[in-house]
Amino acid sequence: MSAFVVPGWPLRGGVAGSRRSRALYPHHGSAGLLRRRAFPRCTAGDVRGSYTVGRRLPSETPPPLPVPTDYVLISETAEWRRLVEHASEIDRLHLRELMQDVDRVRSLRAEYDGIYLDYSRQRVTKDTIELLFALARRARLVDKIRAMQSGAHINVTERRAVLHTALRAERNASLVVDGTDVVRDVWRVLDHVREFSERVRSGEHRGATGKPLRSVIAVGIGGSYLGPDFVHEAFRTDPEAFEAARGRHLHFLSNVDPVDIKRCTQDLSAEETLIVIVSKSFTTAETLLNARAMREWLWSEMGRSDEVVRLHMVACSSNVPMVEKFGIDPRNTFEFWDWVGGRYSVCSAVGALPLSIQYGFPTFLRFLEGARSVDANFYDVASPLAGNLPVIMGLLGVWNLSFLGYKSRALHPYAEALLKFPAHIQQVDMESNGKHVTLRGDDVDYAVGEIDFGEPGTNGQHSFFQLLHMGQTVPCDFIGFIESQYPLCIEGEPVSNADELMANFFAQPDALAYGKTAAECRAEGRPEWLIPHLVTTGNRPSLTLLLQRLDPYATGQLLALYEHRTAVQGFIWDINSFDQWGVELGKVLAKRVRKQLNESRYFGRPISEEFNASTRDLMERYLRGQVGCVFNEPFDYHRDTDTGRSPL
Ligand SMILES: O=P(O)(O)OC[C@H]1O[C@H](O)[C@H](O)[C@@H](O)[C@@H]1O
């Protein structure tokens, strides 16, 4: 038996421890540029025209589609070229001047359900917005949004619908995809989450030694971690959610670095801990190793038994058979579906289960309601797009990257509780739009996919804002709230603590837009030699989102707003924002290295010549130097994979 060796853990129960491919798909969205109507209006489960809506293609090999004679890359359209020309006109204008035009400023704002969006500090005029709407029409944005809503298989490479909005549909709604009402499935699982979370919270569901389960460790990575972690942080200091979570603890184990296990478990008692394994595929190597590590931890504390696993381990996954194989009770498996992308899964059981256990199901429902509200704004494509917040934000994203050439973008929530929001949006956007070909497989000859990063204000100001003011231009999003989750006034201070925060929130966008001229520096009496170092060019774009208060509802609104911004950009760029093939190569190579490390360390086999000299020397150095963790009975790839034992 292999040993589970974790220094410091008591062992009990006898356990030691430029291609232009034209392989086309008949139903996909590049048809946005076709002359025919690409996507039917919002009905699923049937076939309209030549587009399969909500149904799997019959065979693995996509039948070739004749190349439409009028297909062109979006960058080859007149609408795109007009924007390229317009960008050079905009280059002659400075935000300092643009901001003088009150009429312009007042026209560049939109409001929806308590979200106030001001984009007057973008390097745009009213003409720019009109030209962007024209581009959206040319890209058939509205048809693509409707196709997404209807459950068409717009994720063409994986032949899947993209339906995370169905996760927050109202109970009485209905959407039939692949012959199934997905909304009914969603609510079946939500009811299961409600029932199970209430049993855990009330102490009805107890651990193997009879103790209530007060702590949860959610084990997952990527989309199975970042969304729930962001929402958890946003809820933590919401007064009502805080009350609902009294006496409970929620931790996330994501990194396969064993130190993350140590950090998660060191203050916890296994007897009072529920492990939630979150993995859409239930094959992610890191998550499964951490899941097995958690199982060993539970066993090392309470003895090796199926009962311990049954009572202390549950799972959220779309791969139910693999969960069962792991030993988790199918009744404690919370399903989601292949039409929920990992990075879009926080509204599924992925977020619902850990967050409902921590904060109560009603709190999670308010979060879903907030997201649903913005979904309604996004899907309301019959109304003028000028009022569609995700569309506006998406078009501005396209403008800044593809036309003004700003390759990165920063997100600054002036709310500490949103500290994990930038990291979540980083995955949502960079994994979605980090692509190099169109839906048809043609190379894109225009910039797509920004580098997203961010930090809450004002902390970011004292870290990387120097570059934002004087270095490269990085379009910024500022998110602020009228009411603080924790209002604090200190006697004798000129402003409340939240006002101090918000003073910076209002100041930074103007500092970026206006900058500081040499004349202004001189007027301050600065010495001439210092002036070049003090001048800031300004003309640095940003947008501002102002909401009432960061509560679960607003958290859901922000999530949906940014999810849909990403989709809008992908739709305009004509790329698939819903697959992530680039991640695969690293996984395959890691598998080879894992096998090599096993063979060299335990069976003395030399490092294969298949690895290049750099990797070989690095591995050799690593193997020579490492001390500490050895197994009594190592896994033998040659023997154990033959007998069916999996190295994962
Ligand atoms: O939820 P899982 O199947 O374990 O996947 C976890 C993560 O794995 C991969 O790295 C994907 O690129 C992510 O999109 C995904 O969220």
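Reading the values: rules and limits
- Residues numbered from 1 in each chain as written.
- Predicted model: local features only at pLDDT ≥ 70, side-chain atom pairs only at ≥ 80, totals over all residues.
- UniProt positions renumbered as here; feature names shortened; annotations may be inferred.
- Core = buried A, V, L, I, M, F, W, Y, C linked by C-beta atoms within 7 Å.
- Buried ≥ 20, exposed ≤ 12 C-beta atoms within 10 Å, placed from the backbone.
- Helix = DSSP H or I, 4+ residues; strand = E, 2+ residues; numbered from the N terminus.
- Domains from an automatic or database assignment.
- Contact = placed C-beta atoms within 7 Å.
- Pairing = 2+ DSSP bridges.
- Axes fitted to C-alpha atoms, helices over the stretch in contact; angles between N-to-C directions.
- Parallel < 35°, antiparallel > 145°, perpendicular 65-115°, else oblique.
- Left-handed = near helix turned anticlockwise from the far one by under 90°.
- Nonpolar A, V, L, I, M, F, W, Y, C, P; charged D, E, K, R; others polar.
- Right-handed = clockwise from strand over helix to strand, strands pointing away.
- Near = placed C-beta within 6 Å.
- Expected span 1.5 Å × (residues − 1).
- pLDDT = per-residue confidence, 0-100.

Going by what an unreviewed UniProt entry lists, the chain is known as Glucose-6-phosphate isomerase and is assigned to Cyanidioschyzon merolae. The chain has a UniProt comment under Pathway (unreviewed entry) that states "Carbohydrate degradation; glycolysis; D-glyceraldehyde 3-phosphate and glycerone phosphate from D-glucose: step 2/4."

**Q** So what exactly am I meant to see when it comes to the nonpolar core here?
**A** Here is a general trend for soluble globular proteins: nonpolar side chains tend to be buried in one another's company. By size, the foremost hydrophobic cluster in this structure holds 157 residues, and its most contacted members are V219, V276 and I572. Considering each element in turn, this core owes the most residues, 12 residues, to helix α21 (residues 552-573). Domain assignment of the residues forming this core places at least three in each of domain 1 (76-150 + 380-579) and domain 2 (165-370). Every residue in contact with V219, bar those within four places of it in the chain, is listed here: L253, I275, V276, I277, V278, T287, N290, A291 and M294.

**Q** Before we go on, may I ask you to explain unusual backbone geometry in this structure?
**A** For residues other than glycine, phi is negative in most cases, and the peptide bonds are mostly trans. Note the cis peptide between G457 and T458, where omega equals 5 degrees. Of note, T458 is situated in the loop between β13 (451-454) and α17 (465-470). Backbone geometry at D574 places phi at a positive 65 degrees, although glycine is not the residue there.

**Q** How do you make sense of the pairing of strand β4 (residues 115-118) when you look at a structure like this?
**A** The two faces of the sheet receive side chains in turn, since in a regular strand these alternate between them. Burial along β4 is one-sided: I115 and L117 are buried, and none of Y116 and D118, which face the opposite way, are. Relative to β4, strand β3 (residues 109-112) runs antiparallel, the two sharing 4 bridges. Paired with A110 across the bridge in β4 is L117. Connecting β3 to the next strand, β4, in antiparallel fashion are 2 residues, including D113 with a positive phi near 40 degrees.

**Q** Any chance you could explain the packing of helix α6 (residues 182-202) against helix α13 (residues 349-359) here in plain terms?
**A** In helix packing, the relevant descriptors are the interaxial angle and the interaxial distance, both defined with respect to the helix axes. In contact at an axis separation of 8 Å, α6 and α13 are set at 25 degrees when each is read in the N-to-C sense. With respect to α13, the element α6 is oriented roughly parallel. Here the hand of the crossing between α6 and α13 comes out right-handed. Across from V189, L190, V193, R194, S197, V200 and R201 in α6, the residues of α13 making contact are A349, A352, L353, S356 and I357. Looking at the contact of α6 with α13, its residues break down into 8 nonpolar, 2 polar and 2 charged.

**Q** What is the right way to look at the pairing of strand β10 (residues 313-317) in this model?
**A** Judged by how many residues are buried, β10 sits mostly within the fold: 5 of 5 residues are covered. Burial of β10 is two-sided: the residues M313, A315 and S317 facing one way and the residues V314 and C316 facing the other way are all buried. Sheet topology note: the strand β9 (residues 273-278)/β10 ladder contains 4 bridges and is parallel. Bridged to I275 within β10 is M313. Strand direction decides the pairing type here: β10 and strand β11 (residues 333-335), joined by 3 bridges, are parallel. Residue A315 lies in a different strand from β11, and its bridge partner there is T333. Assessed by its sense of winding, the connection that carries the chain from β10 through helix α12 (residues 320-326) to β11 is right-handed.

**Q** How should I be thinking about the domain arrangement of the chain in this particular structure?
**A** It is common to give the size of an interface as the accessible area lost on bringing the parts into contact. Along its sequence, the chain is organised into domain 1 (76-150 + 380-579), domain 2 (165-370) and domain 3 (580-642). On a C-alpha basis, the centroid separation for the pair domain 2 and domain 3 is 32 Å.

**Q** What exactly am I supposed to notice about the environment of I115 here?
**A** Mapping I115 onto the fold places it in strand β4. According to the C-beta neighbour criterion, I115 is buried, with 21 such atoms within 10 Å. Linking I115 and H462, residues 347 residues apart in sequence, is a C-alpha distance of 27 Å. If we ignore the near neighbours within four places in the chain, the residues touching I115 are L389, L545, L547 and Q557.

**Q** What should I look at first to understand the site of the ligand in this one?
**A** G222, G223, S281, T284 and G342 are the nearest of the 14 residues found near the ligand. Of the residues in the shell around the ligand, the class split is 2 nonpolar, 9 polar and 3 charged.

**Q** What am I meant to see in the sheet that holds β9 here?
**A** In a beta sheet, neighbouring strands pair by backbone hydrogen bonds and run either parallel or antiparallel. Spatial strand order, β8-β7-β9-β10-β11: 5 strands in an open sheet with parallel pairing. Edge positions in the sheet fall to β8 (249-253) and β11, since each of these pairs with one other strand and no more. Neighbour-to-neighbour, the strand axes of this sheet turn through a mean angle of 20 degrees, independent of strand direction. Here strand β7 (residues 215-219) runs beside β9; their pairing, made up of 5 bridges, is parallel. Its bridge partner being in β9, A218 is matched across the sheet by V276.

**Q** For this particular structure, what's the right way to read the packing of helix α7 (residues 226-236) against helix α16 (residues 421-433)?
**A** Viewed as axis vectors pointing N to C, α7 and α16 meet at an angle of 155 degrees, and their least axial separation amounts to 8 Å. Viewed along their axes, α7 and α16 adopt a mutual orientation that is roughly antiparallel. Seen from above, α7 lies across α16 with left-handed handedness. Contacts between α7 and α16 involve L226, G227 and F230 from the former and F421, A423, H424 and Q427 from the latter. Tallied by class, the residues present in the contact of α7 with α16 amount to 4 nonpolar, 3 polar and no charged.

**Q** Explain the sheet that holds strand β12 (residues 408-413) here, please?
**A** An order of β3-β4-β15-β14-β12-β13 is seen for the 6 strands of this open sheet, with the pairing classed as mixed. The open sheet is flanked by β3 and β13, the only strands paired with a single partner. Across the sheet, the mean angle from the axis of one strand to that of its neighbour is 15 degrees, orientation sign disregarded. Where β12 lies against β13, 4 bridges are found, and the strand directions are parallel. Following the sheet pairing, L411 is matched in β13 by G454.

**Q** It is not clear to me how helix α18 (residues 497-514) should be interpreted in this structure. Could you clarify?
**A** An α-helical segment advances 3.6 residues per turn. Residues three or four places apart therefore align on the same side. If you check α18, its first and last C-alpha atoms are 26 Å apart, about what 18 residues at 1.5 Å a residue would give, namely 26 Å. Among all positions in α18, only A498, F505, Q508, P509, L512 and A513 are buried. Each element contacted by the buried residues of α18 is listed here: α2 (95-98), α17, β14 (476-483) and β15 (542-549). Trailing α18 by a residue or two, G515 shows a phi angle of about 65 degrees, which is positive.

**Q** What is the right way to look at the confidence of the model for the chain in this model?
**A** Across the chain, pLDDT averages 89, with 88% of residues at or above 70. Counting contacts from residues 1-66, a segment whose pLDDT is below 50, to residues more than four positions away or on other chains yields 139 contacts. Two summary scores accompany this predicted model of the complex, namely pTM at 0.89 and ipTM at 0.98.

**Q** What is the right way to read the environment of R81 from this model?
**A** Locating R81 in the fold gives a position in helix α1 (residues 78-90). Between the alpha carbons of R81 and F403 there is a distance of 9.8 Å; along the sequence they are 322 residues apart.

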